[in-house]
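# Observations on the three-dimensional arrangement
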Amino acid sequence: MFDAEAFLATLPIRPGVYRMVGEGAEVLYVGKARNLKARVTAYFRSSGLTTKTLVLVAQIRAIETTVTGSETEALLLEQSLIKIEQPRFNVLLRDDKSYPFIHLTEHPYPRLTFHRGAKRTGKGSGRYFGPYPSSAAVRDSLSILQKLFGIRPCADNFYKNRSRPCLQHQIKRCSAPCVGLIDRDRYAEDVRLAVLFLEGKSSDVLSEFKTRMATASEVLEFERAARYRDQIDHLRRVQESQYVHGAGGDVDIFGIALGSGQACVQGLFVRDGRLLGHRTWFPKNALAEDESELLFAFLSQYYLGGQDREVPKTVVASVSLDDAQLLADALAERAGRKVEVACQVRGQRARWVRMAMENAQLSLNALVADRKNVLARFVELQAVLDWEDMPRRLECFDISHSSGEATVASCVVFDPEGPMKSDYRRYNIEGVPRGDDYGAIEQAIRRRYTRLVVDEAEAERKLPDAVIIDGGTGQVGRAAEVLQQLQLENIALLGIAKGPARKPGLETIILAGHGELALPPNGPAMHLLQHIRDEAHRFAISGHRGRRQKKRRQSQLDGIPGVGPRRKRELLTHFGSVASIQGASAEEIAKVPGVSRKLAENIHGTLHGA
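Residues numbered from 1 in each chain as written. Predicted model: local features only at pLDDT ≥ 70, side-chain atom pairs only at ≥ 80, totals over all residues. Heavy atoms only, no water.

Right, let's talk about the overall build of the chain for a bit. In terms of helices and strands, the chain carries 22 helices and 19 strands. Within the chain, counting contacts between residues at least 6 apart in sequence, those at least 24 apart form 61% of the total. Of the roughly 31,100 Å² that the chain leaves accessible, carbon and sulfur atoms contribute 49%. (Helix = DSSP H or I, 4+ residues; strand = E, 2+ residues; numbered from the N terminus. Contact = heavy atoms within 4.5 Å. Areas by Shrake-Rupley, 256 points an atom, 1.4 Å probe, with all protein chains shown as cover.)

What follows is the structure in structure tokens.
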């Protein structure tokens, strides 16, 4: 059965596409969402569902998701997947119409026009931009482009027979090349800017219109400035529609994510510039290879492993491959033509790479957080440590700081169902020498468990079966001393010491009182310890960064009695900086509006340590 509760906990609050899969990997339904977590969760609420939805939910055995950059991109991908998968619950959403394009004709004075259907090729065919999600989007785009660049929209036979400007020129949507009101060079420049924008190379165009908007504001032409503002906003939304669907090309994009002893590869498949779908793999990483080595091995096996797979013109990898040219040569020999293996890409392909990497990480997180997976790891940990009972609660500590600055300790909690985030805690470490990780671990553990020792009822619920330390023998020894002082010697204590190369799978596991443990590097027990260690590390780093930023935003004036935000602003406005205030006498400080002589002496004394 599908564990909906566990799956929903892993969903992000991001736009994307979801595919509901039934028995035999049959795709039941494809949908899009502005917020994947909210939309998919709605299918599993206890009431208010239609009969059709209840029938659909009863058949779900898995749900696959793909995160996109916007809801527009999700819509385009949804329609592509519906056309490919033909899911039976999507009957009402099927649409056999082709996607619309913007067509720039081949002509001395080209026109921009709406196009749907087969694209002409060869000499005189012009250029096509898109596809776009709807005909309304194309028409809105054409309207904006005509306002900005004055490109003619009329058919050639209408253009040839004009003797005076038409209505489009009168409403400032065409520069009237038909009657010679613009020369060929100026018109070609307008076309060039329009093409640049449609290709996504819009930074120069946007900069020019931002400058025009600022100029209009300076001369108090606010209506014109507002029009530029709205047009810039519309043009940015036009570009959004070219994210999932590009202008052309056959490309396979692969992103990879590693963590908690697991690996995930996400593949995106683009044909004729259209993102047709994706697939996720979880390859075994028995040799603890890094991302580059593992992805190279995966791609080699995927394309050259004996199966008759289509080889595209370009394969894009999210990480640099040492033997990229070797792989390209092998694929070229297999395909009988040149094949490019790219690792550093820009523009639209870079956005596809980011999409693949994000979805690989999300799929990996979902795998690691799966309840069945976590439970199996707990059972394995019980077995390798030879415990009579399966542990019901594990707590892991980590320390984060920057050269001793803003030290923060984290404590994360896991049970057989996964992370218990409501029980996570952070501790700001004070009174410990800078960089003293031993002292920081001691303080964090003492603060964590002293309260539980006093409250027996709380201790019964929240004392862990094992404490895990991200550190070696020294940290474990200091933590053991604290637990002994608190008379908590029945709690198992483990340390995870990173190997010399700091690579996952090469860690040394230390059990207090027993020395090093020989855990299988790719076994479930090791993966559990890596998972909880990585989560403690993430939680500590985020807390440290927040504390460091808060500290750096503080001023020496903060905390001085009588100096609030208003007086602080007056002091800085008068002197220009805290350093200038420090160099001033109490008499000079008293000249600031709102600062009395007594307060000035207090400020002067505080800044000089008096």
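Now that the structure is up, let's keep going.
Under the counting rule described, the total for this entry stands at 17 salt bridges. A salt bridge links Glu-535 to Arg-538; the nearest nitrogen and oxygen atoms lie 2.9 Å apart. A residue pair is termed a helical-turn pair when its members lie 3 or 4 positions apart in one helix, as Glu-535 and Arg-538 do in helix H18 (residues 524-553) at 3 residues. Ionic contacts of the salt-bridge type, sharing partners, join the residues Arg-393, Glu-395, Asp-423, Arg-448 and Lys-462 into one network. (Salt bridge = Lys/Arg side-chain N within 4 Å of Asp/Glu carboxyl O.)

The next subject is the packing of helix H11 (residues 291-304) against helix H12 (residues 324-335). Between two packed helices, the angle of one axis relative to the other and the distance separating the axes together describe the packing. It is the contact of H11 with H12, at a shortest axis distance of 11 Å, that shows an interaxial angle of 5°. The angle between H11 and H12 falls in the class roughly parallel. In contact with Phe-296, Leu-299, Ser-300, Tyr-303 and Leu-304 of H11, H12 contributes Leu-326, Leu-327, Ala-330, Leu-331 and Arg-334. Residue classes in the contact of H11 with H12 are distributed as 8 nonpolar, 1 polar and 1 charged. (Axes fitted to C-alpha atoms, helices over the stretch in contact; angles between N-to-C directions. Parallel < 35°, antiparallel > 145°, perpendicular 65-115°, else oblique. Nonpolar A, V, L, I, M, F, W, Y, C, P; charged D, E, K, R; others polar.)

Residues Asp-290, Glu-291, Glu-293, Asp-322 and Asp-323 make up a contiguous surface patch of negative charge. Assignment of secondary structure puts Asp-322 in the loop between strand S10 (314-317) and H12. (Patch = residues over 30% accessible without salt bridge, like charges linked within 9 Å, V, L, I, M, F, W, Y side chains within 5 Å. Lys, Arg positive; Asp, Glu negative; His and termini not counted. Charge placed at Lys NZ, Arg CZ, Asp CG, Glu CD.)

The grouping of Leu-375, Val-379 and Met-390 at the surface amounts to a nonpolar patch, some 220 Å² of accessible area in total. Inspection of the secondary structure puts Val-379 in helix H14 (residues 371-384). Exposure remark for Val-379: the relative accessible area of 42% places this residue in the partly exposed category. (Buried < 20%, exposed > 50% of the residue type's maximum accessible area, 1.4 Å probe, protein only.)

A few words on the packing of aromatic side chains. For any pair of aromatic rings, geometry is given as the distance between the ring centres together with the angle between the planes. Tallied over the entire structure, the rule returns 19 aromatic pairs. An angle of 35° between the planes, with centres 6.2 Å apart, marks the rings of Phe-254 and Trp-281 as tilted. Remark: Trp-281 occurs in strand S9 (residues 274-281) and Phe-254 occurs in strand S7 (residues 251-259); sequence separation between them is 27 residues. By relative accessible area, which is 0% here, Phe-254 ends up buried. (Phe/Tyr/Trp six-rings, centres within 6.5 Å; stacked < 30°, edge-to-face > 60°.)

A probe matching the size of a water molecule, rolled over the atoms, marks out where space remains unfilled. Taken as a whole, the second largest pocket encloses approximately 650 Å³ of empty space. Surrounding the second largest pocket, 24 residues form its lining, Phe-7, Ile-63, Ser-363, Ala-366 and Leu-367 being those nearest its centre. Sorting the residues of the lining of the second largest pocket by element identifies helix H1 (4-8), strand S3 (62-67), S9 and helix H13 (347-369) as the ones contributing at least two each. Looking at the lining of the second largest pocket element by element, the count peaks at 5 residues for H13. (1 Å grid on protein atoms, 1.4 Å probe; cavity = no way out; pocket = protein on both sides within 12 Å on 5 of 7 lines; lining within 4 Å. Points joined across faces, edges and corners; volume = space filled by probe spheres on them.)

Here we have 3 strands laid out as an open sheet, ordered S2-S1-S3, and antiparallel in their pairing. At either margin of the open sheet sits one strand with a lone partner, and together these are strand S2 (27-33) and S3. Between one strand axis and the next, the sheet turns through 15° on average, direction left out of account. In this structure, strand S1 (residues 16-21) lies alongside S3, joined through 6 bridges in antiparallel fashion. Paired with Arg-19 across the bridge in S3 is Glu-64. (Pairing = 2+ DSSP bridges.)

Taken as a whole and judged by the stated rule, the model has 2 cavities of 30 Å³ or more. Counted as a void, the largest cavity has a volume near 80 Å³. What lines the largest cavity is simply Arg-152, Pro-153, Cys-154, Phe-158, Tyr-159, Arg-162, Cys-166, Gln-168, Cys-174, Ala-176, Pro-177 and Cys-178. Looking at the lining of the largest cavity residue by residue, the class counts come to 9 nonpolar, 1 polar and 2 charged. One number sums up the size of the second largest cavity: a volume of about 50 Å³. Along its surface, the second largest cavity is lined by Arg-393, Asp-423, Arg-425, Arg-448, Arg-451, Leu-452 and Lys-462. Top element by residues in the lining of the second largest cavity is helix H15 (residues 437-454). It accounts for 3 residues. Looking at the lining of the second largest cavity, its residues break down into 1 nonpolar, no polar and 6 charged.

Here the focus is the sheet that holds strand S6 (residues 127-129). With antiparallel pairing, 3 strands are arranged side by side in an open sheet as S5-S4-S6. The sheet is open, and its two borders are formed by strand S5 (112-116) and S6, each paired with just one other strand. Pairwise comparison of adjacent strand axes, ignoring direction, gives a mean angle of 35° for this sheet. Judged from the 5 bridges that link them, strand S4 (residues 100-104) and S5 form a sheet pairing that is antiparallel.

Attention shifts here to the side chain of Asp-415. Along the chain, the position of Asp-415 falls in strand S13 (residues 405-415). Arg-393 provides the closest opposite charge to the buried, salt-bridge-free Asp-415, at an N-O distance of 7.1 Å. Sequence-distant contacts of Asp-415, defined by excluding residues within four places in its chain, comprise Val-374, Phe-378, Arg-392 and Met-420.

Okay, helix H22 (residues 597-607) next. When we look at burial in H22, the residues that qualify are Leu-599, Ala-600, Ile-603, Gly-605 and Leu-607. Packed against the buried residues of H22 are helix H19 (565-575), helix H20 (578-582) and helix H21 (586-589).

Moving on to the packing of H15 against helix H17 (residues 473-485). The contact between H15 and H17 brings their axes to 9 Å, and the two run at 30°. Here H15 is positioned roughly parallel relative to H17, judged by the angle of their axes. The handedness of the crossing between H15 and H17 is right-handed. Every residue of H17 that contacts H15 at Asp-437, Tyr-438, Gly-439, Ile-441, Glu-442, Ile-445, Arg-446 and Tyr-449 is listed here: Gly-474, Gln-475, Arg-478, Ala-479, Val-482, Leu-483 and Gln-485. Grouping the amino acids of the contact of H15 with H17 by side-chain chemistry returns 7 nonpolar, 4 polar and 4 charged. (Left-handed = near helix turned anticlockwise from the far one by under 90°.)

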